[in-house]
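Now for the letters of each chain:
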Amino acid sequence: MCECHCHDNYNLDTLVPMVGVVTDIRQETPDVKTFRVNAPEGGKLFEHKPGQCAMLCCPGVGEAMFSITSSPTNKEYQEFSIKKCGVLTDYLHDLQVGDEITVRGPYGNNFPVDTELKGKNLLFVAGGIGLAPLRSVINYVLDNRDDYGTVDILYGSRSADDLVQLKEIQEVWMKAKDTNVYLTIDRPQDGWDGHVGFVPAYLKELELTTDKTVLVCGPPIMIKFVLAALEEMGFSKTQAYTTLELRMKCGVGKCGRCNIGSKYVCKDGPVFRCDEVDELPDEY
């Protein structure tokens, strides 16, 4: 009799929906809210690692995969920063504190914070809502500060109003030990006295040293030009990691929606070293 191994990449716990209670909602930008979710009895729904995702479901409306933006070092709750861009996200944005959703997870692999990144100087490059999956890693690193070298964070958005987690950036990240934060917006704006320009161009302006491991996330076109800028600056693609969680659908390798060449993003990722991404077909 044939022994089936098709389910080896996940376990039952990740498939069973758990009820989560929305305990806090923050309006980050005009179209992004951060939702804090707890188990009904309090505390986190499950443990996760930086870069992993979870499936949020609203019965009768739909479900989708979202990055867990809070750090695993936070033992009290989990957070999800969600951009309003469709039927499900419209519904989520109408939720109130005290409402319930269901959550499954965690899914995918994680950024190698305890192996390849440990002891390294780190450079985070994010654009727009692409900060969401990196926030978990940044806060994990800052909560284990002595395990890592210098931290540089470059974050850009269309406008100052579209900067996600700005309060945390200003009050926590900018004040952290050996941490440099660089913010930029695409076009000039009244009241903004910071840098103006696209993220890849600003990255080259900064003239950072190449003794860093890079974590990048944002729109695919931004990632493409950031990687080109890094290569021009002397970085190797083996020094950079990114996440393709936007390609994930079912999370367990069954629907095929996240297939790129020989890879299934949900089974082999969503975190990839950038030389691995370079080997994927041009569809990405």
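Use the structure listed above.
Residues numbered from 1 in each chain as written. Predicted model: local features only at pLDDT ≥ 70, side-chain atom pairs only at ≥ 80, totals over all residues. Heavy atoms only, no water.

**Side note on the overall build of the protein chain**
Turning to step 1, where the next piece is worked out: Of the regular secondary structure elements, the protein chain holds 8 helices and 15 strands.
Turning to step 2, where the next piece is worked out: Residues counted as buried form 52% of the 284 residues belonging to the protein chain.
Turning to step 3, where the next piece is worked out: Just so you have it, the protein chain exposes about 13400 Å², and 49% of that area is on carbon and sulfur atoms.
Turning to step 4, where the next piece is worked out: When the 29 positive and 42 negative side-chain charges of the protein chain are each reduced to one mean point, those points stand 2 Å apart. (Helix = DSSP H or I, 4+ residues; strand = E, 2+ residues; numbered from the N terminus. Buried < 20%, exposed > 50% of the residue type's maximum accessible area, 1.4 Å probe, protein only. Areas by Shrake-Rupley, 256 points an atom, 1.4 Å probe, with all protein chains shown as cover. Lys, Arg positive; Asp, Glu negative; His and termini not counted. Charge placed at Lys NZ, Arg CZ, Asp CG, Glu CD.)

**Side note on the pattern of salt bridges**
Turning to step 1, where the next piece is worked out: Inspection of the entire model under this criterion finds 17 salt bridges.
Turning to step 2, where the next piece is worked out: Between Lys177 and Asp146 there is a salt bridge, with the nearest N and O atoms lying 3.7 Å from each other. One end of the pair, Lys177, is in the loop between helix H4 (166–171) and strand S9 (179–185); the other, Asp146, is in the loop between helix H3 (131–143) and strand S8 (151–157), and 31 residues separate them in sequence. (Salt bridge = Lys/Arg side-chain N within 4 Å of Asp/Glu carboxyl O.)

**Structural notes on the side chain of Thr184**
Turning to step 1, where the next piece is worked out: On the secondary structure map, Thr184 appears in strand S9.
Turning to step 2, where the next piece is worked out: If we skip the residues at most four places from it in the chain, Thr184 touches Tyr155, Gly156, Ser157, Leu163, Trp192, His195, Val196, Gly197, Val199 and Tyr202. (Contact = heavy atoms within 4.5 Å.)

**Details of the packing of helix H5 (residues 199–206) against helix H6 (residues 220–233)**
In helix packing, the relevant descriptors are the interaxial angle and the interaxial distance, both defined with respect to the helix axes.
Turning to step 1, where the next piece is worked out: Where H5 contacts H6, the two axes come as close as 8 Å, and the packing angle between them is 20°. By the angle between their axes, H5 is roughly parallel relative to H6. Judged by the twist between their axes, the crossing of H5 over H6 is right-handed. In contact with Val199, Pro200, Leu203 and Lys204 of H5, H6 contributes Met222, Phe225, Val226, Ala229, Leu230, Glu232 and Met233.
Turning to step 2, where the next piece is worked out: Within the contact of H5 with H6, the residues separate by chemical class into 9 nonpolar, no polar and 2 charged. (Axes fitted to C-alpha atoms, helices over the stretch in contact; angles between N-to-C directions. Parallel < 35°, antiparallel > 145°, perpendicular 65-115°, else oblique. Left-handed = near helix turned anticlockwise from the far one by under 90°. Nonpolar A, V, L, I, M, F, W, Y, C, P; charged D, E, K, R; others polar.)

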